[in-house]
Amino acid sequence: MKQYVFFLGCIMPNRYPGIESATRRTLKEFGVELLDMDGASCCPAPGVFGSFDLKTWAVLAARNLCIAEELGRDITLCCNGCYATLQEANHLLKTNKELLEEVNKQLASIDKEFKGKINVRHVMEIFHGDIGLESISKSIKRPLKGINIAVHDGCHFLKPREVREHGSSERPKILDELVEATGAKSVEYKDKMMCCGAGGAVRSGHLDTSLDMTREKLANMIAVNADSVVSPCAFCHLQFDRGQAEIKSHWNIEFNLPVLFYTQLLGLAMGLDAESLGLRNQSVPPDKILKKLSSK
Amino acid sequence: MSLTKNQVIRFSDLNVKFVNEVVEYGAKIFGKDAANTVRYCVQCGTCTASCPAGRRTSFRTRQIIRDTQLGFKEGALTNDDLWACTTCYTCQERCPRGVKTTDIIRTLRNLAVREGHIIPEHKKVAGYLIRTGHAVPIDEKTKKLRVKLGLSKIPPTTHKFAESLGDFQKLVKKLGFDQLVGFKEGTR
Amino acid sequence: MRIGVYVCHCGGNISEVVDVEEVRSFAGKQPGVVVARNYEHMCSELGQKLVVDDIKEYKLDRVVIGSCSPQFHEPTFQKTLSGAGLNPYLLEMANIREHCSWPHFDKPEAATAKAKDLVNMAIAKVRLNDPLEREAMPVGNRVLVIGGGVAGIQSALDLGDAGFKVHLVEEAPTVGGRMAQLSRTFPTEDCAACILAPKMADVAANPNITLLTYTEIENIEGYLGNFKVTVKKKPRYINLDKCTNCGICTTKCPVKVPDEYNVGLTTRKAIYVPHDFAVPLKYLIDEKACLYLTKGVCRICEKVCPGKAIEFNQKPEEIKFRADTIVVATGYDPFDAEKKEEYGYGRYENVVTALQMERMVVFMAGGRPLRDLGKRIAFIQCVGSRDAQIGNEYCSRVCCMYAAKLSQMLKRGNPERDIYVFCTDIRAYGKGFEEYYKRAQATGVKYVRGRVAEVSEDPKTKKLTLRVEDIFSRQLLELEFDTVVLSIGMVPSNGTSKIADMLKLARSPDGFLLEAHPKFKPLDTLIGGVFICGCAQGPKDIPDTVAQASGAASRATVLMNKGEVDLDPVKAFVIEDLCDSCGLCVEHCPVHAIKVSSVANVNKALCAGCGSCTTYCPKGALVLRHYTGDQLLAEVKAVLASKNEGETRILVFADYTCTYKLSDSVGTSRMPYADDVRIIRVPSGSAITPKLMLSAFALGADGVFIGECEQKFSPYPNAVEQIEKNVSTVRGILEKNGIEPERARSTVFATVMLGGFVNQLNALSKFVKEASSIPPEKRGALDEVLQQEGST
């Protein structure tokens, strides 16, 4: 199996290390080795810092990409936002000569040069592509039969389609397949492809708008009796988990829907315990899904 | 009885070169072809109808592009609605003319920030980034949780490597980003 | 030699940039030029009269005209010469507009210098032009019409009525095509079947038309006046003489499959008649659905048929025939709405296409509605058209009007219905169209400007919710409907793609068939004798289709009435004294036009005029008339003559079919490019031998570029391969002699690649400017190589 450098970002290491733990443990089971990216910073967040100054965004992203280039490995990561930044910056720098020149001029001041030697792959691509659905199914020790999962693809894993290689963004299948490989069922719900509301500096700038979108999505998921939300993005994860606490305090609406990152779900199905997956340290307790699991 | 307010827009009220400014700025990052797509909009409204933020705010995606095309520079850049977009890319995916709507919105936001339109909440996030290298820096609670989960107490990022943080901040200063967002040393 | 040179102002198009007096004066000084003039409009009557008068007065025997591209007025000026008693091939045109004043509009000095070079080149060539005669080739009276929709039907009837012998080939079991599926036609609301059926019957009854239905084209070879057509008539498995159309077989057949005539809304049996006004009104067995033909069981129809007409042992019948001309009328396919995933077609049962709605309306009119459409009906416009994400950027032309039609028919059928049309805009461009749209509004159909972003389905009620912005009020709408109709556009049909590949017909960027000239030859193709009409050429409504069909028939008639067509004299020919019958040319001719007896002999009808053979003849015995090695070399010498120290020159050999036309388009679009480029016209780049290219370098060229058609659109088989070989040979020799091999290049072009052309030439110009100039010794060394290598 290939080696990857692990880009951590901000949310996962600094707020939801359970995702990091779950990802490291599950990838290890499949023989995927993760190297540290020493000195990496915020990607930087595409909707926030890309909105303030795109040149800064490109330069800081390039610095992160250089760390991986120096290690000679492709990057993998657990956040759609980080994916958007690093994948897109990598692509733009490889195709826009003027931008490359500008960025390298800046990087020269810290003795770095972007060469365009590596690729950026979301951890979902590793599971679906490198590892494969069959291997995943075989590794399941605790099939999640009867568990209804509301899959939330998020936005930047699939879009913009031109710069991604995952096919249709209207009715994608990758994440549903990955979830169903654990034995769980991916349920259809209204506006499944809708954004969680966190991105584009909206969470920081207009929390009410942001949370209203989250509220709408959660309501749609509850309406089809989902047992949990599963997403491939640490930021969506925060928005759904912490967001439920905020929605409760702002509007007194309670959903009590556990929020799992894919590797946390997979970890459960592979027989890992909820504790080591960090599930007990989230805003919404995982009881709803754990109860259903234990009753089987 | 006061005079009625003039309702008519004349060329003197418009900045007809604004769209060129947007294209030129956007071209530096996204390339000339992508940035130029702002000219292709035929105002069909697919973007607005796809927008999840539009359904709960006064934000109308199509209007932003319209204002850019026609030359309502001030309207486009001072509009709060410009910041309601979550950059979900649904509009850009569906636009039948191939307009890079989301990327153009980010371009407009850049131009707005350059003119000093940035809210305190965003300045705060920028402050975190500049000070620590992270938009969401680690806190004590999470350090403990990391240890409990068998991870390193401090993640191997700019939180841990002072030299890397130094490089990061050097770039930030060189790019003038700190000045752009009104960052002041030693403040929160 | 007595040459007359005329420099046209082109009403300012040339004279505003190029100093026409300077060019005229320069021309006047060239050896052999006895009169040089400049004039406002050479193509006008007065302009032509100038030439005619001069031919008489000055006893001119050659004429050069510096003007617009030969694409436009070469035939004009050729006629001028003929009229004055001079052979039309003693004319050369210097393209000083599209290749000069237009692209270099901001560089008058450079443009004037280039114009002088181009005129010099034309003078050098015309000196070596031989008078050539156009031989006549017989064209008979046999036409193949491919496609039996309304276009093919109209064309066939016009041709049959005019007395020509027509084969009308249709792959479906009945003629009628798409129009036969429609309910009424806008804006008059004629019943489609009622007006089409008589024409269908006429086509079957016309004594000059051989109607072949359920027949596929297997192969077409040959050329105008001599097309060899092979078709495969598929077996119906029914003896048509014994079948009485009683229909008992259909009632008893146990197999049900979706009925394609009703777009899957109903079913039909494996043994069936396509519909009740099919022509021929005959039964057939669908061999993909029939249990016996697929699995060897059943045979019920055979048992019950009173006439014993079922014949399971029928085989496909191969039919061969000849045609002199061809009309391609292969129509369109409806856009596959499943591709527009946002609208849920194929997943949501109440989302239908407009073609399905046509069928539903027909059933409703007959008192047997297929389903309850509910109260609220929405039409979504531009589905699969004007959509960069789908990849069809064009407008399909008919959807605004058919939506106005279907919506008002549904409204009139039940005024309780609430009907909406969601559109970006309305295109009501034709006769009676705007009035018809107004009538739809008057009937109560509601138009909303706003393109629907997505359709979702209520899982319980199966009703559909549309998300759309009402542009004018800036309101976001989420509206629920009982039925949603997708106004799907047209895409080139499968049949069109198949025939295009078979006949090597060029396509426009939108995938429909490409006409020879967008304004003046909308129904001709680049292949002589092959005409196109109807939706195969592009989306259009029935009146336009019928007009084009009659037009194509007329174009074919012009050729066939004449009874003969002039053969282009630009062919290879053998200088018998030089030929030693080695036979190398025979194996290298891509169309097998050469045979060797005592000397080599070229079949003029087969020869494509590509010039590939000239590369191979070691004795220089094969030349391409009008583009001989000597003529091309003279052009190269003349166009390089003005080069000064420190300047660069790029020679571009442009094939006339594609690259030359492309370079004209670049000029017409006023797209600037490097002004050291000099374009030389050839029929095909395969006529440019390695020897000629090396001579060009030896004589001062800094870069040599060959532009050629994409092979699949090229009338010259193998040209691209031949050119690549030649360029490769030249690069090898350049490199051996210490010259950068990248100075010699070739590229394939399509006529729409304007940006590509500009980029490639600018790149080569930049390359040669940045490289150090080729020192005279190295150029001299090439000369020596040329002496040694002999003729190739």
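Sequence order sets the numbering: in each chain, residues are counted from 1 along the sequence as written. Ligands are numbered from 1 and chains lettered from A, in the order in which they are written. Only residues with pLDDT of 70 or above have their local features reported here, since the model is predicted, and side-chain atom pairs are shown and tallied only from 80 upward, although totals for entire chains, interfaces and linings are computed over all residues. The basis for every side-chain value is the complete set of non-hydrogen atoms in the structure, without hydrogens or water.

**Points about the overall build of chain C**
Selection criterion: Put simply, DSSP H or I for four residues or longer makes a helix, DSSP E for two residues or longer makes a strand, and each gets a number counted from the N terminus. For each residue, the accessible area found with a 1.4 Å probe, counting protein chains only, is set against the maximum for its type, and the residue is called buried under 20%, exposed over 50%, and partly exposed in between. We call two residues in contact when some of their heavy atoms are within 4.5 Å. Note on areas: these come from Shrake-Rupley sampling with a 1.4 Å probe, and a residue is covered only by the protein chains present in the view. His is not counted, nor are the chain ends; Lys and Arg add positive charge and Asp and Glu add negative charge. A single reference atom marks each charge: NZ on Lys, CZ on Arg, CG on Asp, CD on Glu.
Along its length, chain C carries 23 helices and 38 strands. Oriented by its inertia axes, the alpha-carbon framework of chain C measures out at about 85 × 70 × 55 Å. Considering chain C as a whole, with its 792 residues, one finds that 56% of them fall into the buried category. Partitioning the intrachain contacts of chain C with sequence separation of at least 6 by distance along the chain shows that 72% fall at a separation of at least 24. Roughly 32,500 Å² of accessible area belongs to chain C as shown, and the carbon and sulfur atoms make up 50% of that amount. Charge separation in chain C, taken as the distance between the mean sites of 97 positive and 97 negative side-chain charges, equals 5 Å.

**Regarding the interface of chain A and chain B**
Threshold: By definition, the buried area sums, over both parts, the 1.4 Å-probe accessible area that each loses when the two are put together. For this analysis, a salt bridge means a side-chain nitrogen from Lys or Arg found within 4 Å of a carboxyl oxygen belonging to Asp or Glu. N or O atoms closer than or at 3.5 Å make up a polar contact, with two conditions inside protein: a donor-capable atom paired with an acceptor-capable one, and, for residues adjacent in sequence, both atoms drawn from side chains. We call Asp, Glu, Lys and Arg charged. Ala, Val, Leu, Ile, Met, Phe, Trp, Tyr, Cys and Pro are nonpolar, and the rest, Gly among them, are polar.
Listed as interface residues are 71 residues of chain A and, on the opposing side, 68 residues of chain B. Regarding the contact of chain A and chain B, the summed buried area is about 5,800 Å², with carbon and sulfur atoms giving 60% of it. Three residues, A:Asn14, A:Phe52 and A:Leu54, lead the burial of chain A against chain B; their summed loss comes to 12% of the area buried on that side. Here A:Glu88 and B:Arg106 are joined by a salt bridge, their closest N and O atoms 3.5 Å apart. There are 34 residue pairs in polar contact (both at pLDDT 80 or more) connecting chain A and chain B. Listed by contribution, the elements that provide at least two residues to the side of chain A that touches chain B are helix H1 (11-14), helix H2 (17-29), helix H3 (49-52), helix H4 (54-71), helix H5 (80-95), helix H6 (97-107), helix H10 (202-205) and helix H11 (207-223) of chain A. Take the side of chain A that touches chain B: its biggest share by element is seven residues, from H4(A). A per-class count over the side of chain A that touches chain B returns 27 nonpolar, 25 polar and 19 charged.

**Notes on the domain arrangement of chain C**
This is how the line gets drawn: For every domain, the bounds stem from an assignment made automatically or drawn from a database.
One can read the domain layout of chain C as domain 1 (1-132), domain 2 (142-228 + 319-331 + 493-556), domain 3 (248-315), domain 4 (336-489), domain 5 (567-623) and domain 6 (627-792). Summarising the inter-unit geometry, the C-alpha centres of domain 1 of chain C and domain 3 of chain C are found 69 Å apart.

**Some thoughts on the state of the cysteines**
All names here are of chain C. Rule in force here: Note that a disulfide, as used here, is simply two cysteine sulfur atoms within 2.5 Å.
All told, the structure shown has two disulfides over all chains when counted by the stated rule. Across the disulfide from Cys-191 sits Cys-194; the S-S distance is 2.3 Å. In this structure the cystine formed by Cys-191 and Cys-194 twists about its S-S bond by roughly 80 degrees; its chirality is therefore right-handed. Residue classification places Cys-191 among the partly exposed positions, given a relative accessible area of 23%. Owing to a relative accessible area of 51%, Cys-194 belongs among the exposed residues under this scheme. Note on cysteine connectivity: Cys-658 is disulfide-linked to Cys-709, with sulfurs 2.0 Å apart. On the sign convention where negative is left-handed, the bridge of Cys-658 and Cys-709, at about 50 degrees about the S-S bond, is right-handed. Here Cys-658 is found in the loop between strand S35 (650-655) and helix H19 (659-668), whereas its partner Cys-709 is found in strand S37 (residues 703-709), with 51 residues between them in sequence. In terms of burial, Cys-658 and Cys-709 fall into one category: buried. Sequence-ordered numbering of the bonded cysteines in chain C gives a disulfide pattern of 1-2, 3-4.

**Some remarks on the nonpolar core**
Within soluble globular proteins, side chains that are nonpolar generally end up buried alongside one another. Rules: Residues belong to a common nonpolar core when they are buried Ala, Val, Leu, Ile, Met, Phe, Trp, Tyr or Cys residues joined through side-chain atoms within 4.5 Å.
Ranked by internal contacts, the top residues of the largest apolar core, which has 151 residues, are A:Phe49, A:Phe52, A:Ile75, A:Phe127 and A:Ile136. Tallying contributions element by element places H4(A) first for this core, with eleven residues. Not counting the four nearest positions on each side in its chain, A:Phe49 is found in contact with A:Cys42, A:Pro44, A:Leu54, A:Trp57, B:Val125, B:Ala126, B:Leu129, B:Ala135 and B:Phe177. Core analysis: the second largest hydrophobic core is formed by 72 residues, C:Val5, C:Tyr6, C:Val51 and C:Ala701 among them.

**Digging into the packing of aromatic side chains**
Basically, it comes down to this: Pairing of aromatic side chains here covers Phe, Tyr and the six-membered ring of Trp, requires ring centres within 6.5 Å, and sorts the geometry by plane angle: under 30 degrees stacked, over 60 edge-to-face, intermediate tilted. Working rule: Lys NZ or Arg CZ, within 6 Å of ring centre, within 35 degrees of ring normal, means a charge sits over the ring.
Counted by the stated rule, this structure contains 18 aromatic pairs over all chains. Judged by centre distance (5.6 Å) and plane angle (75 degrees), the rings of C:Tyr420 and C:Phe481 are edge-to-face. Here C:Tyr420, found in strand S22 (residues 418-423), pairs with C:Phe481, found in strand S26 (residues 475-481); they are 61 residues apart in sequence, far enough to count as distant. Assessed through its relative accessible area of 2%, C:Phe481 is described here as buried. Relative to C:Tyr660, the ring of C:Tyr656 has its centre 5.3 Å away and its plane inclined at 50 degrees; by these criteria the two rings are tilted. As far as the burial class goes, C:Tyr656 and C:Tyr660 line up, both buried. Taken together through their ring pairs, the aromatic side chains of A:Phe49, A:Phe52, B:Trp83 and B:Phe177 make up a single cluster. Cation over ring: C:Arg268 sits above C:Tyr272, and NZ or CZ is 3.8 Å from the ring centre. Its end group placed over the ring of C:Tyr343, C:Lys340 keeps NZ or CZ at 6.0 Å from the ring centre.

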